[in-house]
Amino acid sequence: MHNTFQIKTFEEYLEVYQNSISEPEKFWADIASHFQWHKTWDNVLEWDFTKPQIKWFEGAQLNITINCLDRHLPEKANHTALIWEPNSPNDSYRTYSYQSLFNEVCRMANVLKLMGIKKGDRVCIYMPMIPDLAFAILACARIGAIHSVIFAGFSANSISDRIIDSHCKHIITADAMSRGAKQIPVKAVVDEAIENIDFIENVLVINHQNWPVIYKENRDISYDILKQKVSVECEAEMMQAEDELFILYTSGSTGKPKGVVHTCGGYMVYTGYTFANVFQYQSKDIYWCTADIGWITGHSYMIYGPLLNAATTLMFEGVPNFPDPGRFWQVIDKHHVNIFYTAPTAIRSLMACGIEHVLPYNLSSLKTLGTVGEPINEEAWQWYFDHIGKGKCPIVDTWWQTETGGILLSALAGISPIKPTHAGLPLPGIQPVLLNSDGNEISENNVEGYLAVKFPWPSMIRTTWGDHERCRMNYFDTYKGYYFTGDGAKRDENGLYRIIGRVDDVINVSGHRFGTAEIENAINQTPNIVESAVVGFPHDIKGQGIYAFVVVENFTTDIENLKMQIIETIVEKIGRIAKPDKIQIISGLPKTRSGKIMRRILRKITEGEIENLGDTSTLLDPLIVEEIIKGRI
Ligand code: WTA
């Protein structure tokens, strides 16, 4: 058997898939041989889901940036690697060839070294969507530092929790950013985040907007000054395949966000392979993923996956509705984008703005469309297919997670069958299963169950930073012998998967994950709040909205003011992205006699299913339910 890197037909997919299941190690060794390794592996795979311990390509040495950059220079030095489209269409865009991207990355890598950053150090990156963010990530990877990117919508408090958890002594940030018509300080938020942290050694500041910044002596350094002192050559640090590449924090059903850890070798092989296959990238295609680099989609399919394939990747600083809701389509025409990858929430919100914002653009460069982050409803799918793809572009509905590192379920564009609202078949090497509530596999088709994976793949989560037990408990304990995704799914008569949504206490708001407990903890820190319960409810644009039920200590008549205080606390503790859509003040929560909050009832109420609440007579106070129904928003 010899697998080509890029699958070309459905028959080939079926054959490759079969090979990847019957001889997984051989399959992945073959795929891995398409990359550049300093030393090859002694052992392809070692695994034990009970611990969990997962090791891919042990003994191998590599640097992912050699594969993203150096490897392409002999033939593609002048090929465009990165196109940067600024927030305002009136400002100039920038392009970077593979050679210039290489130079920028090496330059920043040398600056990081000057700052004393070494292999294995964690570096927190809190930045807007500017080219320097890509340089920063790759510069860390170049010198073997572990990057921890924090989405620039998170608050100082969230940054501080993440910095403490992974003990980042070094931070890279920028002065300020623009999002639509707003200008938002960035460095000032970092200042607030680290005010009480005593181990920060330095903060590197990129000047993006000439925004006034306060430099703290002996801590803060301007990149413009340091970059004068270094060369544009920087040898790549050799990494073991299982050395950490990055940490990315994500919300789970319990406690604070956890640091998902990905490692160098497996992550490289899987993101490189899946990018080439899912999007069927062809040389010279212009590819645009609209996700922010602060999320996993930005890591895997804006930076690493495309660059590993010598692709041209577009990075957009702005938002879909600025200066008007035609911006995405204008950018597609302007840069002749061939492959466009976005989120259902963006599609739904642009659809709601009206077709008149699409019609002025011809969109004829588009070949392939993609979605990610949440289930896409039929109506949005159809609108995307008809009006953006003009009925000729396959849509890949890609299902995956921060923890999976790369796409696990998806059609291969133009190759596999496409069924609206279905993610489709597993990618080669992926062995998904549906489990019933006893944890037994349901083998037939036309069924529904808990989605799990029974065999490792190269880019899967290795641990949660600083707390391996938490990783085990969260993903490997519920169903023994499986990686459990937290999602429910259906499998149709042809084996195509359709994701239903989370089955745990995680809500997915516009593709952003929040633990209900995380939001409740924030709300409960507002003065005069006794307790709260947060549930997700169906929302036309966001997929899910946040509904907070709040119990106050002393009843107040100034409800609006109280709600404002709650929102302010959430913005302060988590960030503006976690603002609730609805807040209902109630006198008590529906609880069982043992004190457990009955979220199921709350969820039903928010969904309007009040006829269907089940038996409420066993509740501690059944009257509460009536009160909540009456006051629902
Ligand atoms: C959801 C984003 C339906 C799912 C890459 C998952 C999806 C969570 C899809 C992970 C999809 C992601 N269809 N649901 N195509 N893609 N999800 O970690 O519930 O931000 O568990 O990773 O998003 O979100 P995360």
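Throughout what follows, the structure given in this document is the object of discussion. Computed from a predicted structure; not experimentally measured. (Residues numbered from 1 in each chain as written. Predicted model: local features only at pLDDT ≥ 70, side-chain atom pairs only at ≥ 80, totals over all residues. Heavy atoms only, no water.)

### Some thoughts on helix α17 (residues 559–573)
The test is simple: Secondary structure elements follow DSSP: runs of H or I of four or more residues count as helices, runs of E of two or more count as strands, with numbering from the N terminus. Expected helix span is taken as 1.5 Å per residue step, with the number of steps being one fewer than the number of residues. The rule is simple: take the accessible area with a 1.4 Å probe, protein chains only, and divide by the maximum for that residue type; under 20% is buried, over 50% is exposed, in between is partly exposed. Regarding the arc, it is the one traced by the directions from the helix axis to the C-beta atoms.
Taking 1.5 Å as the rise per residue, α17 with 15 residues should run 21 Å; its terminal C-alpha atoms sit 21 Å apart, in good agreement. Among all positions of α17, only L562, K563, I566, T569, I570 and K573 are buried. Along the long axis of α17, the arc covered by the buried residues comes to 120°, so they all point the same way. Opposite the packed face of α17, turned more than 90 degrees from it, sit the exposed residues E560 and E568.

### Considerations on unusual backbone geometry
The residue after K51, namely P52, is reached through a cis peptide bond having omega -15°. Geometrically, the link from F322 to P323 is a cis peptide bond, its omega value of 0° lying close to zero. Looking at the element boundaries, P323 is found in the loop between β17 (312–316) and α12 (327–335). Phi at N218 takes a positive value of approximately 65°, unusual for a residue other than glycine. The residue N218 is located in the loop between β11 (202–206) and β12 (220–222) in this model.

### Quick word on the nonpolar core
The condition is simple: Residues belong to one nonpolar core when they are buried, are Ala, Val, Leu, Ile, Met, Phe, Trp, Tyr or Cys, and are joined through side-chain atoms within 4.5 Å. We call two residues in contact whenever any of their non-hydrogen atoms come within 4.5 Å of each other.
With 131 residues, the main nonpolar core has W28, W37, F57, I125, F279 and Y304 as its most contacted residues. Here this core gets 10 residues from one element, more than from any other, and that element is helix α6 (residues 131–143). If we skip the residues at most four places from it in the chain, W28 touches V44, W56, F57, V269, Y270, Y273, P428, G429 and P458. Ranked by size, the runner-up nonpolar core spans 44 residues in total, among them C124, C168, L562 and A578.

### Here's the deal with the packing of helix α16 (residues 516–523) against α17
This is how the line gets drawn: Throughout, an axis means a line fitted to C-alpha atoms (over the contacting stretch in the case of helices), and angles, computed between N-to-C directions, take values from 0 to 180 degrees. Oblique is the label for any angle not under 35 degrees, not over 145, and not in the 65 to 115 range, which are roughly parallel, roughly antiparallel and roughly perpendicular in turn. By definition, turning the near helix anticlockwise from the far helix through less than a right angle yields a left-handed crossing, and turning it clockwise yields a right-handed one. The classification used treats Ala, Val, Leu, Ile, Met, Phe, Trp, Tyr, Cys and Pro as nonpolar, Asp, Glu, Lys and Arg as charged, and all other residues, Gly among them, as polar.
Packing of α16 against α17 leaves a shortest axis separation of 8 Å and a crossing angle of 120°. Considering their axes alone, α16 and α17 lie oblique with respect to each other. By crossing handedness, the relation of α16 to α17 is classed as right-handed. Packed against α16, whose contacting residues are I519, A522 and I523, the element α17 presents I566, T569, I570 and K573 at the interface. For the contact of α16 with α17, the class distribution of residues is 5 nonpolar, 1 polar and 1 charged.

### Looking at the pattern of salt bridges
Inclusion rule: When a carboxyl oxygen of Asp or Glu is within 4 Å of a side-chain nitrogen of Lys or Arg, the pair counts as a salt bridge.
Applying the stated criterion across every chain yields a total of 29 salt bridges. Residues R348 and E374 are paired through a salt bridge, measuring 2.8 Å at the closest nitrogen-oxygen approach. In this pair, R348 sits in helix α13 (residues 344–353) while E374 sits in the loop between β19 (368–372) and α14 (378–388), placing the two residues 26 residues apart along the sequence. Per residue, the accessibility class of R348 equals that of E374, and both read buried. Residues participating in the shared-partner salt-bridge network are K187, D191, R219 and D220.

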